Amino acid sequence: MKIDMILVFAIVVGLVAVPYALFILFGSGNSKKIEKQIKEEAKKNNLNINHSEKWSSRYLSLDTVANKLLFSKTRGEELEHQHIDLNTITRIVTLEDRTSKRIDGKMHDTLEKLSLEFISKENAQPIVINFYDSTLDATQNYEMNRVNKWKELIEKQLKLSAKHSKAA
């Protein structure tokens, strides 16, 4: 009787655990490939990444020594990189696109898009990096916290670089 229960238990675990483990192993291969491409892009541009974060299909990295930001995102199978030289930036603005809808007699705000806009010193076209777009990814995962964290980190970096340039 005990052997029968052990055998049933082993079969059930095998049917559940083995496919789960294989799913994890094969699913992480693409993200490792993308991380390798981002590291190669950083190395190609002589960036030493001090801060980085990955979410959805976006990757944001900061080199505090070179004062540069690398924003990467996947579009289908392709990985796009955007380099931002913080030495040319004066300030950062958070762009929120919200819509209000009445559901069951109550007003609800819905976040549609969330971005950071980098205003250039040379009055050039502002650079915008998108943190969230409801048309691409409907699930929200602490986007406001993430934007505020990165905005604070980059503003701190801008102040440090301004102090260094005044001292020089």
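One can find the structure itself at the top, above this paragraph.
Let me begin by describing the structure that accompanies this report. As the structure is a computational prediction, the values presented were derived from the model and not from experiment.

### Section: the packing of aromatic side chains
Using the criterion set out here, one finds one aromatic pair in the structure. Seen in terms of ring centroids, W55 and F131 are 5.1 Å apart; in terms of plane orientation they differ by 20°. Their pairing is stacked. In this pair, W55 is assigned in strand β1 (residues 51-55) and F131 in strand β7 (residues 127-133), connecting sequence segments 76 residues apart. For the residue pair W55 and F131, the accessibility class agrees, reading buried in each case.

### Digging into the environment of K113
For K113, the position within the fold is in strand β6 (residues 106-120). C-alpha separation for the pair K113 and N87, spaced 26 residues apart in sequence, amounts to 27 Å. What K113 contacts, discounting residues up to four positions off in sequence, is L95, E96, D97, Y132 and D133.

### Comments concerning the side chain of S115
Looking at the element boundaries, S115 is found in strand β6. Ignoring anything within four residues of it in the chain, the contact list for S115 reads V93, T94, L95, V128, I129, N130 and F131.

### Comments concerning the pattern of salt bridges
Within this structure, the stated rule accounts for six salt bridges. We note a salt bridge from E80 to R75, for which the minimum N-O separation is 3.9 Å. Given a relative accessible area of 30%, E80 falls into the partly exposed group. Taking the shortest distance from any N to any O, the salt bridge between E143 and R146 comes out at 3.9 Å. Here the residue E143 and the residue R146 both occupy positions in helix α2 (residues 143-167), the gap between them amounting to three residues, near one helical turn. Residue classification places R146 among the buried residues on the basis of a relative accessible area of 10%. A single network of salt bridges, built from pairs that share partners, joins E53, E143, R146 and K149.

### Remarks on the nonpolar core
In terms of nonpolar packing, the biggest core is built from 20 residues, with L69, F118 and I129 touching the most fellow members. Within the residue set of this core, elements represented by two or more residues are β2 (58-63), β3 (68-75), β5 (89-103), β6, β7 and α2. Setting aside anything within four residues of it in sequence, one finds L69 in contact with L60, S61, L62, Q82, H83, I84, F118, I129, W150 and I154.

### Topic: unusual backbone geometry
Backbone geometry at N46 places phi at a positive 55°, although glycine is not the residue there. With respect to the helices and strands, N46 occurs in the loop between α1 (2-44) and β1. Here D104, not a glycine, exhibits a phi torsion of approximately 55°, which is positive.

### Overview of the pairing of β1
The side chains of a regular strand alternate, residue by residue, between the two faces of the sheet. Where β1 and β2 come together, five bridges link them in antiparallel fashion. For H51, the partnering residue across the bridge sits in β2 and is L62.

What counts and what doesn't
Residues numbered from 1 in each chain as written. Predicted model: local features only at pLDDT ≥ 70, side-chain atom pairs only at ≥ 80, totals over all residues. Heavy atoms only, no water. Phe/Tyr/Trp six-rings, centres within 6.5 Å; stacked < 30°, edge-to-face > 60°. Helix = DSSP H or I, 4+ residues; strand = E, 2+ residues; numbered from the N terminus. Buried < 20%, exposed > 50% of the residue type's maximum accessible area, 1.4 Å probe, protein only. Contact = heavy atoms within 4.5 Å. Salt bridge = Lys/Arg side-chain N within 4 Å of Asp/Glu carboxyl O. Core = buried A, V, L, I, M, F, W, Y, C linked by side-chain atoms within 4.5 Å. Pairing = 2+ DSSP bridges.

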